[in-house]
Amino acid sequence: PIRWGRPEARIAMGESSGPSFWARGEIVTDAADAERLCDQFAKKYASSWSRWEESFRSGFKTGDRALIRYRPIQR
């Protein structure tokens, strides 16, 4: 919905009925941020990351995947 002009979202933790907060999202276009995310995924998911790595890295480069940053807001 960010690309449709609706950047606000309710972010729920755990279940959708659990604690939540409102945030404003933005598409991150810095390639270095996407690389850092992929590097962190490689560490966190060491046993299975190789299965997804190419899809993520190439998807960020081509625009097939988007990295979104959410910042909490008051409503």
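Up top is the structure.
Small disclaimer: the values here were computed from a predicted structure and weren't measured.

Calculation notes
- Residues numbered from 1 in each chain as written.
- Predicted model: local features only at pLDDT ≥ 70, side-chain atom pairs only at ≥ 80, totals over all residues.
- Heavy atoms only, no water.
- Pairing = 2+ DSSP bridges.
- Helix = DSSP H or I, 4+ residues; strand = E, 2+ residues; numbered from the N terminus.
- Axes fitted to C-alpha atoms, helices over the stretch in contact; angles between N-to-C directions.
- Contact = heavy atoms within 4.5 Å.
- Polar contact = N/O pair within 3.5 Å; in protein donor to acceptor, adjacent residues only side chain to side chain.
- 1 Å grid on protein atoms, 1.4 Å probe; cavity = no way out; pocket = protein on both sides within 12 Å on 5 of 7 lines; lining within 4 Å.
- Points joined across faces, edges and corners; volume = space filled by probe spheres on them.
- Nonpolar A, V, L, I, M, F, W, Y, C, P; charged D, E, K, R; others polar.
- Buried < 20%, exposed > 50% of the residue type's maximum accessible area, 1.4 Å probe, protein only.

A. Local environment of the sheet that holds strand 2 (residues 20–28). With respect to topology, three strands assemble into an open sheet ordered 1-2-3, the strand pairing being antiparallel. A strand with exactly one partner marks an edge of an open sheet, and here the two such strands are strand 1 (8–12) and strand 3 (67–72). Here the strands of the sheet are splayed against their neighbours by 45 degrees on average, with no regard to which way each runs. The sheet contact formed by strand 2 and strand 3 spans six bridges and is antiparallel. Residue pairing for strand 3: A23 is matched across the bridge by P72.

B. Representation of the environment of R75 within the structure. The topology assignment puts R75 in the segment after strand 3. C-alpha of R75 to C-alpha of E8: the two residues are 67 residues apart in sequence and 10.0 Å apart in space. Setting aside chain neighbours within four positions, we find R75 in contact with E8 and W22. Side chain to side chain, R75 and E8 meet in a polar contact 3.2 Å long.

C. Here's a closer look at the layout of surface pockets. Approximately 200 Å³ is the volume attributed to the largest pocket. Forming the walls of the largest pocket are 15 residues, and the residues nearest its centre are V28, T29, A34, F60 and K61. A breakdown of the residues in the lining of the largest pocket according to their chemical character gives seven nonpolar, two polar and six charged.

D. Here's a closer look at the side chain of R57. If you trace the backbone, R57 turns up in helix 2 (residues 49–62). The class of R57 is buried, set by a relative accessible area of 16%. Engagement of the side chain of R57 in a polar contact is seen with the side chain of D39, the distance being 3.0 Å. Those residues within four positions of R57 in sequence are excluded, and the remaining contacts are E35, C38, D39 and W49.

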